[in-house]
Amino acid sequence: MSVCLFNVILQCKIYTVNNVNQISDASLLLAIESSCDDTSAAVLKGNKVLSNCVATQSVHEQYGGVVPELASREHQKNIIPVVHAALAEAKVDKSALQAIAYTRGPGLLGSLHVGAAFAKSLAMGLSIPMIEVHHMHAHILAHFIDDGSPIPTDPFLCLTVSGGHTQLVLVESATSMQVIGNTLDDAAGEAFDKIAKIMGLPYPGGPLIDQYAAKGDPQKFTFPKSNMEALDFSFSGLKTAVLYFLKKEMAKDSNFIADNLADLSASVQYTIVEVLMKKVALAVEQTGVKGIALAGGVSANSALRKAVSVFAEEHGLASYIPAFEYCTDNAAMIGIAGQFRFAANDFGSLENAPSARLPF
Ligand code: KG4
Ligand code: ZN
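The text that follows walks through the structure, step by step, so that each part is easy to find. Quantities reported herein were computed from a predicted structural model and do not represent experimental measurements.

Along the backbone of the protein chain there are 11 helices and 10 strands. The C-alpha radius of gyration of the protein chain comes to 20 Å, within 12% of the 21 Å expected for a compact globule of 360 residues. Dimensions of the protein chain, computed from the C-alpha atoms along their principal axes, are close to 65 × 45 × 40 Å. By residue count, 52% of the 360 residues in the protein chain fall in the buried class. Of the contacts formed within the protein chain by residues at least 6 apart in sequence, a portion of 74% connects residues at least 24 apart. Surface exposure of the protein chain reaches about 15700 Å², of which carbon and sulfur atoms provide 54%. With 25 positive and 34 negative side-chain charges, the protein chain shows a separation of 3 Å between the mean positions of the two kinds.

In structure tokens:
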């Protein structure tokens with residue numbers, strides 16, 4: 001019942017403010033993001049970012065993945081200094097803020113609670129409204145930040161690739177989006193990280209695979225490319241294939257991974273990008289969109305950025321590749337999503353709890 005209500009509310013607002021020009025240049029928001037292992041705060045004036053501070057948690061490196069309980073405790077330590085830093089960098093006093101936007105979900109429940117509790121308390125203390133933001137909407141809406149790069153005007157396709165999600169989203173407007181493809185198991189970022197872990201690299205391994213791949217041969221090793229029905233993805237088979245391949249090779253030569261790190265990285269990266277791009281091509285054909293965008297942490301991947309740009313150029317499409325600072329988790333994207341809702345007077349409620357699986 002609550003899910004339906006949420007959707008109804010969302011659809012009512014959808015047609016109210018869907019154009020970036022409807023955001024007032026003067027509206028000053030603080031935004032907070034704490035859905036996973038980055039604590040971030042940003043200040044936005046209209047669709048311009050005045051500050052975007054991120055505290056990354058290195059505590060997880062030794063565990064090979066994010067440990068939820070440790071993440072919550074790190075958020076508790078980091079949130080006040082990060083918010084102070086964001087206000088100071090923006091040269092904004094908290095008394096000037098008009099609203100506080102925060103990530104309501106999806107994400108790690110304990111982590112979300114820290115950001116939500118902080119946002120609600122500060123909003124109450126300042127007697128200003130709070131705004132609930134969906135993390136995956138925010139990754140996409142980062143394209144509406146005014147940072148000098150082109151802002152989408154027509155409907156576009158967004159490939160949203162992060163540690164927890166891999167989605168193809170048809171973005172009709174800033175507030176009307178439809179998921180048309182999804183991963184059925186691991187997300188692309190999860191595949192990068194899990195394969196990196198198998199290769200003995202620390203968490204998060206995605207950026208390291210990208211770095212090593214720069215000096216490797218993407219055709220050196222052939223790994224299976226999943227081809228799911230319609231616009232869906234699967235990456236768990238790739239992870240298993242790499243695991244068994246490396247077990248076999250390491251039994252023959254214990255230096256195999258170390259001696260082939262660049263080629264292995266390049267081959268894994270090539271396979272993941274090929275799987276993603278095949279579905280992007282199919283989605284473009286099916287939807288007839290005139291632009292494609294990348295969003296989420298994996299959009300920092302150099303091979304994926306290049307593949308999307310080349311594909312767009314070859315097909316006469318506009319391409320929207322986010323600045324690195326807006327690829328991985330950050331509060332600026334929560335801020336721009338918050339601005340759309342602020343302009344529509346779409347405010348949150350103290351009663352609404354964070355949700356680990358907030359519906360899209
Ligand atoms: O969006 P994000 O910061 O957090 C989630 O919402 O999950 O994405 C983090 C993911 C991690 O899996 C990380 O390994 C991956 O993004 N990532 C990359 C690169 N930079 C970050 N994967 C491949 N290549 C990169 N350069
Ligand atoms: Zn994310």
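Turning our attention to the environment of E274. Within the secondary structure, E274 sits in helix α9 (residues 261–287). For E274, a relative accessible area of 33% translates into the label partly exposed. For the pair E274 and G348, spaced 74 residues apart in sequence, the C-alpha separation works out to 40 Å.

What follows concerns the sheet that holds strand β9 (residues 291–295). If you walk across this open sheet you meet the 5 strands as β8-β7-β6-β9-β10, and the pairing is mixed. In this open sheet, the two edge strands, each paired with only one partner strand, are β8 (176–182) and β10 (318–320). On average, each strand axis in the sheet is tilted by 20° relative to the strand beside it, whichever way the strands run. Bridge count between β9 and β10: 3 bridges; the pairing is parallel.

Glancing now at the coordination of the zinc ion (ligand 2). Within the protein, the atoms that donate to the zinc ion (ligand 2) are H135 (NE2), H139 (NE2) and D329 (OD), at distances of 2.0 to 2.1 Å. Mapped onto the sequence, the donors of the zinc ion (ligand 2) take the spacing H-x3-H-x189-D. Placement of H139 in helix α4 (residues 135–141) and of D329 in the loop between β10 and α11 (331–343) is noted, with a sequence separation of 190 residues between them. When sorted by exposure, H139 lands in the same class as D329, which is buried.

Bringing the sheet that holds strand β5 (residues 130–134) into the picture now. Backbone-to-backbone hydrogen bonds pair the strands of a sheet. The strands run either parallel or antiparallel. Read across the sheet, 5 strands follow the order β3-β2-β1-β4-β5 without closing on themselves; strand pairing throughout is mixed. Strand pairing shows two members of the sheet lacking a second neighbour, β3 (48–56) and β5, which therefore form its edges. Strand-to-strand twist across the sheet, computed as the mean angle between neighbouring axes with direction ignored, equals 20°. Relative to β5, strand β4 (residues 99–105) is paired through 5 bridges, and the arrangement is parallel. Counted as the bridge partner of I100 is M130 from β5. In the packing of helix α2 (residues 68–90) onto the sheet, the strands contacted are β1 (28–33), β2 (38–45) and β3, and the crossing angle to β2 comes to about 25°.

As a further point, take the packing of helix α5 (residues 188–198) against α9. One can describe the packing of α5 onto α9 by two numbers: an axis separation of 11 Å at closest approach and a directional angle of 165°. Our classification of the angle between α5 and α9 gives roughly antiparallel. With respect to the hand of their crossing, α5 and α9 are arranged in right-handed fashion. On the side of α5, the interface is formed by A188, A191, F192 and I195, while α9 contributes V268, Q269, I272 and L276. The class makeup of the residues in the contact of α5 with α9 is 7 nonpolar, 1 polar and no charged.

How each quantity is defined
Residues numbered from 1 in each chain as written. Chains lettered and ligands numbered in written order. Predicted model: local features only at pLDDT ≥ 70, side-chain atom pairs only at ≥ 80, totals over all residues. Heavy atoms only, no water. Helix = DSSP H or I, 4+ residues; strand = E, 2+ residues; numbered from the N terminus. Rg over C-alpha atoms; globule rule 2.2 N^0.38 Å. Buried < 20%, exposed > 50% of the residue type's maximum accessible area, 1.4 Å probe, protein only. Contact = heavy atoms within 4.5 Å. Areas by Shrake-Rupley, 256 points an atom, 1.4 Å probe, with all protein chains shown as cover. Lys, Arg positive; Asp, Glu negative; His and termini not counted. Charge placed at Lys NZ, Arg CZ, Asp CG, Glu CD. Pairing = 2+ DSSP bridges. Axes fitted to C-alpha atoms, helices over the stretch in contact; angles between N-to-C directions. Donors = N, O, S within 2.8 Å, 3.2 Å for Na, K, Ca; no water. Parallel < 35°, antiparallel > 145°, perpendicular 65-115°, else oblique. Left-handed = near helix turned anticlockwise from the far one by under 90°. Nonpolar A, V, L, I, M, F, W, Y, C, P; charged D, E, K, R; others polar.

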